Structure formats: structure tokens, C-alpha cells
Amino acid sequence: MTTKKLAIIATKGTLDWGYPPFILASTAAALGYDVQIFFTFYGLQLLRKSLNHLKVTSLGNPGMPMPMPMPVLLQALPGMQSMMTVMMKQKMKSKGVASLEDLRNLCAEADVKMIGCQMTVDLFGFSPSDFIPGIEMGGAATFFEFAGESDICLFM
Amino acid sequence: MANFDKELDARGLNCPLPILRTKKALNDLTGGQTLRVVATDPGAIKDFQAFAKQTGNELVESGEANGEFTFVLRKKA
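Definitions and cut-offs
Residues numbered from 1 in each chain as written. Chains lettered and ligands numbered in written order. Predicted model: local features only at pLDDT ≥ 70, side-chain atom pairs only at ≥ 80, totals over all residues. Heavy atoms only, no water. Helix = DSSP H or I, 4+ residues; strand = E, 2+ residues; numbered from the N terminus. Contact = heavy atoms within 4.5 Å. Areas by Shrake-Rupley, 256 points an atom, 1.4 Å probe, with all protein chains shown as cover. Pairing = 2+ DSSP bridges. Axes fitted to C-alpha atoms, helices over the stretch in contact; angles between N-to-C directions. Expected span 1.5 Å × (residues − 1). Buried < 20%, exposed > 50% of the residue type's maximum accessible area, 1.4 Å probe, protein only. Arc of directions from axis to C-beta. 1 Å grid on protein atoms, 1.4 Å probe; cavity = no way out; pocket = protein on both sides within 12 Å on 5 of 7 lines; lining within 4 Å. Points joined across faces, edges and corners; volume = space filled by probe spheres on them. Patch = residues over 30% accessible without salt bridge, like charges linked within 9 Å, V, L, I, M, F, W, Y side chains within 5 Å. Salt bridge = Lys/Arg side-chain N within 4 Å of Asp/Glu carboxyl O.

> In this structure, what is going on with the overall build of chain A? I would like to understand it.
Per the secondary structure count, chain A includes six helices and five strands. Secondary structure elements of chain A, listed N to C terminal, follow the sequence β-α-β-α-α-α-β-α-β-α-β. Projected onto its principal axes, the C-alpha positions of chain A cover 50 × 35 × 25 Å. Long-range pairs, those at least 24 residues apart, make up 76% of the contacts in chain A with a sequence separation of at least 6. Only carbon and sulfur atoms are counted for the fraction: they give 62% of the accessible area of chain A, which is about 8,500 Å².

> I keep staring at the sheet that holds strand E4 (residues 136–138) of chain A and nothing clicks. Help me out?
Backbone-to-backbone hydrogen bonds pair the strands of a sheet. The strands run either parallel or antiparallel. All names here are of chain A. The strand order E4-E3-E2-E1-E5 describes an open sheet built from five strands, whose pairing is parallel. Each end of this open sheet is capped by a strand with a single partner; those strands are E4 and strand E5 (152–155). The mean angle between the axes of side-by-side strands here comes to 20°, regardless of whether they run parallel or antiparallel. The pairing of strand E2 (residues 34–39) with strand E3 (residues 113–117) spans four bridges and is classified as parallel. Across the sheet, the residue bridging to phenylalanine 38 is isoleucine 115, located in E3. Those strands touched by helix H6 (residues 140–147) are strand E1 (5–10), E2, E3, E4 and E5, and its axis lies near 150° from that of E1.

> Sorry, what's going on with helix H2 (residues 44–55) of chain B here?
Because an α-helix packs 3.6 residues into every turn, residues spaced three or four apart end up facing the same way. Its 12 residues give H2(B) an end-to-end C-alpha distance of 16 Å, which sits within 8% of 16 Å, the value for a rise of 1.5 Å per residue. Within H2(B) the residues assigned to the buried category are Ala44(B), Phe48(B), Phe51(B), Ala52(B) and Thr55(B). All buried residues of H2(B) project into a common sector of 95° when viewed along the axis, lining one side. For H2(B), the exposed residues lying more than 90 degrees away from the buried face are Lys46(B) and Lys53(B). Buried positions along H2(B) lie against helix H1 (19–30) of chain A together with helix H1 (17–27), strand E2 (34–39), strand E3 (58–65) and strand E4 (68–74) of chain B. Just downstream of H2(B) lies Gly56(B), where phi reads positive at about 85°.

> Explain the sheet that holds E2(B) here, please?
All names here are of chain B. Pairing in this open sheet of four strands is mixed, and the strands run E1-E2-E4-E3 from one edge to the other. Pairing within the sheet leaves two strands with one partner each, and these edge strands are strand E1 (6–10) and E3. For this sheet the average axis-to-axis angle between neighbouring strands, irrespective of direction, equals 15°. Sheet strands touched by H1: E1, E2 and E4. Its angle to E1, the strand with the most contacts, is close to 160°. Where H2 meets the sheet, its contacts fall on E2, E3 and E4, and the angle it forms with E4 comes to roughly 5°.

> Sorry, what's going on with empty space enclosed by the protein here?
Here the idea is plain: a probe the size of a water molecule rolls over the atoms and shows the empty space left. Residues and elements named next belong to chain B. One pass over the structure, following the stated rule, counts one cavity of 30 Å³ or more. Size it by volume and the largest cavity reaches roughly 30 Å³. Lining the largest cavity are Cys15, Pro16, Pro18, Ile19, Asp41, Gly43, Ala44, Asp47 and Phe48. Secondary structure elements with two or more residues in the lining of the largest cavity: H1 and H2.

> Can you help me understand a nonpolar patch on the surface in this one?
Together, Phe41(A), Tyr42(A), Met119(A), Leu123(A) and Phe124(A) line one region of the surface with nonpolar side chains, adding up to about 510 Å² of accessible area. Relative to the elements of secondary structure, Phe124(A) occurs in helix H5 (residues 118–124).

> Explain the pattern of salt bridges to me, please; I cannot follow it from the model alone.
Side-chain pairs of opposite charge can arise where the charged atoms are in close proximity. Scanning all chains against the criterion turns up seven salt bridges over all chains. Measuring nitrogen to oxygen at the nearest pair gives 3.3 Å for the salt bridge that ties Lys113(A) to Glu136(A). One end of the pair, Lys113(A), is in strand E3; the other, Glu136(A), is in strand E4, and 23 residues separate them in sequence. Taking relative accessible area as the criterion, Lys113(A) reaches 34% and is therefore assigned partly exposed. What makes Glu136(A) partly exposed here is its relative accessible area of 36%. Put simply, Asp9(B) and Arg11(B) hold a salt bridge, and the shortest N to O gap is 2.9 Å. Through salt bridges with shared partners, one network takes in Asp9(B), Arg11(B) and Glu68(B).

Interpretation in functional terms is not warranted from these geometric data alone.
Right, dumping it as C-alpha cells:
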């Protein structure tokens, strides 16, 4: 039986959108897949050493369940985003949902290969020391080397 | 009473943690040994069936009582 391969492109840098790549990557690895994640644009935020800066926002996201109905203009007030992030984190903790850091660690332990997009690193002026150790930097061609052989390829 | 070699308490954990912890716990066993998992995530029923099918570790027992789900997996030889 040949090993199946999963390739993921992670492009979002919010607390909520950080979950799909790490959940699917860690689970696939547990099922015996070879997994690579290519982090590009805002997805690079998911490779920062600390993930405490990641937030959720209800702005431009009418699907986000709110504890009470609230006009969009109010949702844009200073501090609202931080408050929603705190509430989301509390909810996740109370429901037994893993933290992003935990899921990322589980991915690293399971040999999920994480690649940062070199172009985005340059574009946003990141330095290699901003990121967790053990990741690689590469470009689109690097990603296709693995993705071209993959059984599943997801853009998130 | 212990008709399993190792036990994993995955109560209160949500997807995908029960499966990830299970995979880790199985790593400590040798082929043929069994692992009992207790979980409360309702999604675990389907997930454990799928995990067993895809990894070749046999799901020898699956049960539900008082909102808790128990699974016994036999590690692939």
C-alpha cells in the first residue's frame, strides 16, 4: 500500500481560519498520510512563534454566530474584535476544542512538513526568527513538487 | 476485568483530539495488543470507524452508555 499524500495551501491568518489546515493535517497524519502545508500570504501568521495575536472578526463575516444581534457599525468599534476573540477562545476551551498551538505541535510531532512562502516573507518583511523552528521556506515550485504527487490538495 | 492492554481517557475532548491521542497511544502498543478509549465527542462514533478502516487497526468493540462512548481497538500486527 503506497502512502497517501495530502497537500494544503493555508492563506488565512485569523484564529478561526487557522483551525482547518491544522485539524486536517494532524488527522491525516494520524491516518498515515504524508502531509505538507504551504503557508502563504496571511497564512504565514500561523507559523509565528506565538499565536496569541490571532483574532476572529465578525466584520465581513455575517455567518459568525453572535450572542446577541448587533449592527455592523457597532461591531467595528474599538475593542470589539479583541472581545470577540476572548469570547471565542473561552467557548473553544469550554467545548474541549484544542488550542491552535496544540494542534500545530501535534502536526510537527507527526512530521507534517510546513513550508513558508518566501515571497510573502519578503513582501511583509518578516525575519526567519519570527517563525517556529523546523519549517522550510520555498516558492510555488517547491509546493508543486509535493502537491503534484498528492492524492488530495486543498486551498484554505 | 481488564480485557485490554491500555486505556485512554478522551472525555471532554473534541475533534480531532480523540483520534490524535488514540493514534499516539497505539504507538506505545505492539501488534495484537488492545487499547480502550472513552470519549464524549458524539462525532467519535463515525470517526473511530473511519480511523479503524483507514489504518487497519481493528475496532473490536464499540459501545455507548450515559453519554460516553467506548471503543476497543486492536493494533494492527
